[in-house]
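Residue strings, one per chain:
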Amino acid sequence: MGSYRISAFIFDLDGVLTDTSELHFLAWKRLADEEGIPFTRQDNEALRGVSRRESLRRLLKGRSVTEEQALEMMERKNRYYRRMLSELSPANLLPGAVKFVENARNRGIKVAVASVSKNTRVVIERLGIGGLLDAVADGYCVVNYKPSPDIFIFAAGAVGTPVSECVVFEDAEAGVEAALRAGMRVVGLGPTERVGKANLVLPDLSRARVDEIISILSGTGIPA
Ligand code: BG6
Ligand code: MG
């Protein structure tokens with residue numbers, strides 16, 4: 001078995017380091033209710049990890065709207081979401097997330113966040129984790145969103161690490177696909193129906209061990 005170097009961990013934000021996925025759901029739900037569109041938690045699963053515009057497209061379920069209406073709806077949803085973010089604090093970090101990031105840093109692993117959310121920087125600030133990160137790639141850094149690999153490639157460049165040495169942590173199907181397309185190894189967090197294409201699947205970061213993940217994934221890789 002070969003041994004493939006791992007030098008950087010790239011974390012998705014919503015649903016990986018913090019529980020903001022619930023806030024995204026509540027904000028979309030309010031918009032959907034106002035517009036008389038049925039929208040359930042199960043519908044919301046299809047929105048995980050995808051951009052604001054694509055989320056709206058999926059929520060509308062084929063209902064046609066003008067560009068002006070679409071912009072207004074995205075703005076309204078974001079307003080509801082931003083209001084909820086004002087209450088966000090380090091208490092919203094998912095169990096074990098900070099410890100895991102700290103352990104990675106102590107091993108000399110570079111750490112970045114890569115999220116297509118345009119609210120990434122606000123969320124990081126409210127969570128108080130900016131000091132733990134070597135780089136942040138957000139929805140303003142790239143044009144093509146997940147499942148396009150661009151955001152992860154951007155993040156790899158920002159930490160000066162070849163894509164083959166990066167491991168991504170993702171909770172969304174679109175994110176797992178994006179990471180694989182970037183030529184990176186992926187740890188999928190959540191049910192296998194959602195993240196089963198990842199190289200390794202874990203329920204969340206609460207019991208994840210840096211050493212164990214490195215030892216499992218260094219046997220898997222693309223020869224440099
Ligand atoms: C992703 C979330 O991180 O960001 C999606 O998983 C969200 O639910 C997307 O739609 C875009 O976020 P924002 O904050 O720019 O609307
Ligand atoms: Mg996510």
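Residues numbered from 1 in each chain as written. Chains lettered and ligands numbered in written order. Predicted model: local features only at pLDDT ≥ 70, side-chain atom pairs only at ≥ 80, totals over all residues. Heavy atoms only, no water.

Caption draft 1: Molecular detail of the site of ligand 1. Residues in contact with ligand 1 amount to 14 residues; listed here are only the nearest, Asp14, Arg52, Ser117, Lys118 and Asn119. At 2.7 Å, a side-chain N or O of Asp14 approaches an oxygen atom of ligand 1. In the environment of ligand 1, an oxygen atom lies 2.7 Å from a nitrogen or oxygen atom belonging to the side chain of Arg52. The cavity where ligand 1 resides is the largest pocket. (Near = heavy atom within 4 Å. Polar contact = N/O pair within 3.5 Å; in protein donor to acceptor, adjacent residues only side chain to side chain. 1 Å grid on protein atoms, 1.4 Å probe; cavity = no way out; pocket = protein on both sides within 12 Å on 5 of 7 lines; lining within 4 Å. Sits in = over half its atoms within 2 Å of the grid points.)

Caption draft 2: Representation of the domain arrangement of the protein chain. Taken domain by domain, the protein chain comprises domain 1 (8-19 + 92-217) and domain 2 (21-85). Each of domain 1 and domain 2 has a C-alpha centre, and the two are 24 Å apart. With 15 residues of domain 1 at the interface, the matching set in domain 2 holds 14 residues. Summed over both partners, the interface of domain 1 with domain 2 buries about 1,200 Å², with 50% contributed by carbon and sulfur atoms. Here domain 1 is connected to domain 2 by two salt bridges. Residue Glu45 is joined to Arg194 by a salt bridge in which the shortest nitrogen-to-oxygen separation is 3.3 Å. Summed over the shared surface of domain 1 and domain 2, the number is eight residue pairs in polar contact (both at pLDDT 80 or more). Top contributing element to the side of domain 1 that touches domain 2 by residue count: helix H6 (residues 120-127), with three residues. Class assignment for the residues of the side of domain 1 that touches domain 2 results in six nonpolar, two polar and seven charged. (Domains from an automatic or database assignment. Contact = heavy atoms within 4.5 Å. Buried area = accessible area lost by both parts, 1.4 Å probe. Salt bridge = Lys/Arg side-chain N within 4 Å of Asp/Glu carboxyl O. Helix = DSSP H or I, 4+ residues; strand = E, 2+ residues; numbered from the N terminus. Nonpolar A, V, L, I, M, F, W, Y, C, P; charged D, E, K, R; others polar.)

Caption draft 3: The nonpolar core, seen in detail. Judged by nonpolar contacts, the single largest core of 38 residues is most densely connected at Phe9, Phe11, Leu17, Phe100, Phe169 and Leu205. In this structure, this core is formed jointly by two domains, domain 1 (8-19 + 92-217) and domain 2 (21-85), each of which donates at least three residues. Ignoring any residue separated from it by four or fewer positions in sequence, one finds Leu205 in contact with Phe11, Val16, Leu17, Pro95, Gly96, Ala97, Phe100, Phe169 and Leu189. (Core = buried A, V, L, I, M, F, W, Y, C linked by side-chain atoms within 4.5 Å. Buried < 20%, exposed > 50% of the residue type's maximum accessible area, 1.4 Å probe, protein only.)

Caption draft 4: Examining the side chain of Asp14 more closely. In this structure, Asp14 sits in the loop between strand E1 (8-11) and helix H1 (20-35). For Asp14, which is buried and forms no salt bridge, the nearest opposite charge comes from Lys77, at a distance of 7.8 Å. At 2.4 Å, the side chain of Asp14 forms a polar contact with the side chain of Thr20. Among the polar contacts made by the side chain of Asp14, one reaches the side chain of His24 at a distance of 3.3 Å. (Lys, Arg positive; Asp, Glu negative; His and termini not counted.)

Caption draft 5: Examining the layout of surface pockets more closely. Space inside the largest pocket adds up to approximately 540 Å³. Considering the residues around the largest pocket, the lining is formed by 28 residues, among which His24, Val50, Ser51, Arg52 and Ser55 are closest to the centre. Listed by contribution, the elements that provide at least two residues to the lining of the largest pocket are H1, helix H3 (52-60) and helix H4 (67-85). When its residues are assigned to classes, the lining of the largest pocket shows nine nonpolar, nine polar and 10 charged. Looking at which domains feed residues into the lining of the largest pocket, each of domain 1 (8-19 + 92-217) and domain 2 (21-85) gives three or more. (Points joined across faces, edges and corners; volume = space filled by probe spheres on them.)

Caption draft 6: Just the pattern of salt bridges, in detail. Considering all chains together, one arrives at 23 salt bridges under this definition. Across the pair Arg57 and Glu54 runs a salt bridge whose closest N-O atoms are separated by 2.9 Å. With Arg57 and Glu54 both in helix H3 and three residues apart, this pair spans about one turn of that helix. Since its relative accessible area comes to 22%, Glu54 is described here as partly exposed.

Caption draft 7: Structural detail: empty space enclosed by the protein. Per the stated rule, a full pass over the model turns up one cavity of 30 Å³ or more. Roughly 40 Å³ of internal volume is contained in the largest cavity. As for the largest cavity, its lining consists of Leu17, Leu93, Ala97, Val98, Val101, Ile129, Leu132 and Leu133. Of the residues that constitute the lining of the largest cavity, the class distribution is eight nonpolar, no polar and no charged.

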